[in-house]
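Take a look at the letters that make up each chain.
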Amino acid sequence: MTATYTSPAPKFDLSSPSPTYKLASGHEMPIIAYGTFRSAPGEVGPAIIHALQAGYRHFDLAHVYGNEAEIGAAFQRAFDEGLVQRQDLFLTGKLWNSDHDVDIVPQACDHSLRNLGLDYFDLYLIHFPVAWKHTGLDKPSWGASELGSTPLIDTWRAMEALVDEGKCRSIGVSNYPLLLIHDLVAQARVPVSCNQIEVHAYYARESLVNYCLSRDICVTAHTPLGGGVVNNQTWDTPIPLKDPVIVRIAAAHKKSAAQVLLRYLLQRGIVILPKSIKPERMKENLDVLDFNLSEEEMKEILALDKYVSYKTNPNPLGAFLGGPDAFSADGTDIFD
């Protein structure tokens, strides 16, 4: 007998030309975002302009990526040239691990907003569920990082104050496992609007995804392709892009493997965050609304789940190396 379980339906309409997700805060968020992780200096600014020209209106940013100022200059150029207006965009920022102290949270948000030339974030996330000792707003900790003493709920209360002050319209988290996000849901005054996590064809995370959707928490996939070629080259991990099942389904729909992987997540009700600096790939990653995966194809892809995190960026293992809080030869696994 097949077990029954809670699997909420997607909260957005994939037949719409520009689908959005209505967050718990009441604000609408485009379901396809442009990611800025691993964007080198000098390339991220032009990439932002290309992404805007391709049609992206949701952008995922983070202080620790080290590229906020260049991104802010690109947005200002787009505003000055009339390409878009601020109100056309949905912009997500993130609070870094070493900025969790209650008095530092508003300073960190202001610092990022100044870098970007913005007045507010549409969504602001706690980047990881771990507090490190503060190392300065201009020096986000990475390397010999030490655990801090601020409880996660205190950081969340400081995030809630940002909503009260109008600096952030919605707030959420990133890389939170089920038990931690459930604990937060039980205590939050301002609703948790989003949990941005690693989720892809090789790491389905049904329990976490379905829990979040059942609690009106948007799930955003920051690694929708399973890390892609870069992760394969860096860690020699298998990638869904080359899986024979994905390749076969892509051929049947006359789509790329990447498009099938992105569509699979959308049909599960998950917002996607692909990243590429190549204009043709940017357009390809947006072109996922004109086909539909069958129920059988969805089951085939779900069956590829290896129930393994590929540690593509959801675990700051090595950041602890060289400091007193490195507890293994690889660093410290905060999810152990």
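Everything discussed here concerns the structure shown above.
Residues numbered from 1 in each chain as written. Predicted model: local features only at pLDDT ≥ 70, side-chain atom pairs only at ≥ 80, totals over all residues. Heavy atoms only, no water.

Structural notes on the nonpolar core
Then comes step 1: Ranked by internal contacts, the top residues of the largest apolar core, which has 89 residues, are I48, F59, F75, Y124, I181 and I301.
Then comes step 2: The contact partners of Y124, leaving out residues within four places of it in the chain, are G93, K94, L95, A108, C109, M159, L162, C168, S170, I171 and G172.
Then comes step 3: Residues W96, F128, W132 and F320 belong to the second largest nonpolar core, which totals six residues. (Core = buried A, V, L, I, M, F, W, Y, C linked by side-chain atoms within 4.5 Å. Buried < 20%, exposed > 50% of the residue type's maximum accessible area, 1.4 Å probe, protein only. Contact = heavy atoms within 4.5 Å.)

Regarding the environment of A204
Then comes step 1: Residue placement: A204 occurs in the loop between β8 (194-197) and α6 (206-214).
Then comes step 2: Judged by relative accessible area, which is 0%, A204 ranks as buried.
Then comes step 3: Along the primary structure A204 and I301 are separated by 97 residues, whereas in three dimensions their C-alpha atoms are 9.3 Å apart.
Then comes step 4: Not counting chain neighbours up to four residues away, the residues in contact with A204 comprise V199, V209, Y264, R268, L302 and D305. (Helix = DSSP H or I, 4+ residues; strand = E, 2+ residues; numbered from the N terminus.)

A short note on the pattern of salt bridges
Then comes step 1: On inspection of all chains with the given rule, the structure shows 13 salt bridges.
Then comes step 2: For the salt bridge of E160 with R157, the shortest nitrogen-to-oxygen distance reads 3.1 Å. Of the two residues, E160 and R157 are both situated in helix α4 (residues 152-164); the distance of three residues between them amounts to about one turn of the helix.
Then comes step 3: Given a relative accessible area of 36%, R157 falls into the partly exposed group.
Then comes step 4: D164 is the partner of R189 in a salt bridge, and the nearest nitrogen-oxygen pair spans 2.8 Å. Taken together, the residues R189 in the loop between α5 (178-187) and β8 and D164 in helix α4 connect sequence positions 25 residues apart. (Salt bridge = Lys/Arg side-chain N within 4 Å of Asp/Glu carboxyl O.)

Some remarks on the packing of aromatic side chains
Then comes step 1: Using the criterion set out here, one finds twelve aromatic pairs in the structure.
Then comes step 2: Ring plane angle 35° and centroid distance 6.2 Å describe the contact between W96 and W142, whose orientation is recorded as tilted. Taken as a pair, W96 in the loop between β5 (90-95) and α3 (104-116) and W142 in the loop between β6 (121-126) and α4 lie far apart in primary sequence, 46 residues in all.
Then comes step 3: By relative accessible area, W96 is classed as buried at 3%.
Then comes step 4: Judged by its relative accessible area of 52%, W142 is exposed.
Then comes step 5: Judged by centre distance (5.2 Å) and plane angle (15°), the ring pair of F121 and Y124 falls under stacked.
Then comes step 6: The exposure class assigned to F121 is buried, which follows from its relative accessible area of 0%.
Then comes step 7: The positively charged end of R263 is found above the aromatic ring belonging to F291, 5.8 Å away from the centroid. (Phe/Tyr/Trp six-rings, centres within 6.5 Å; stacked < 30°, edge-to-face > 60°. Lys NZ or Arg CZ within 6 Å of the ring centre and 35° of its normal.)

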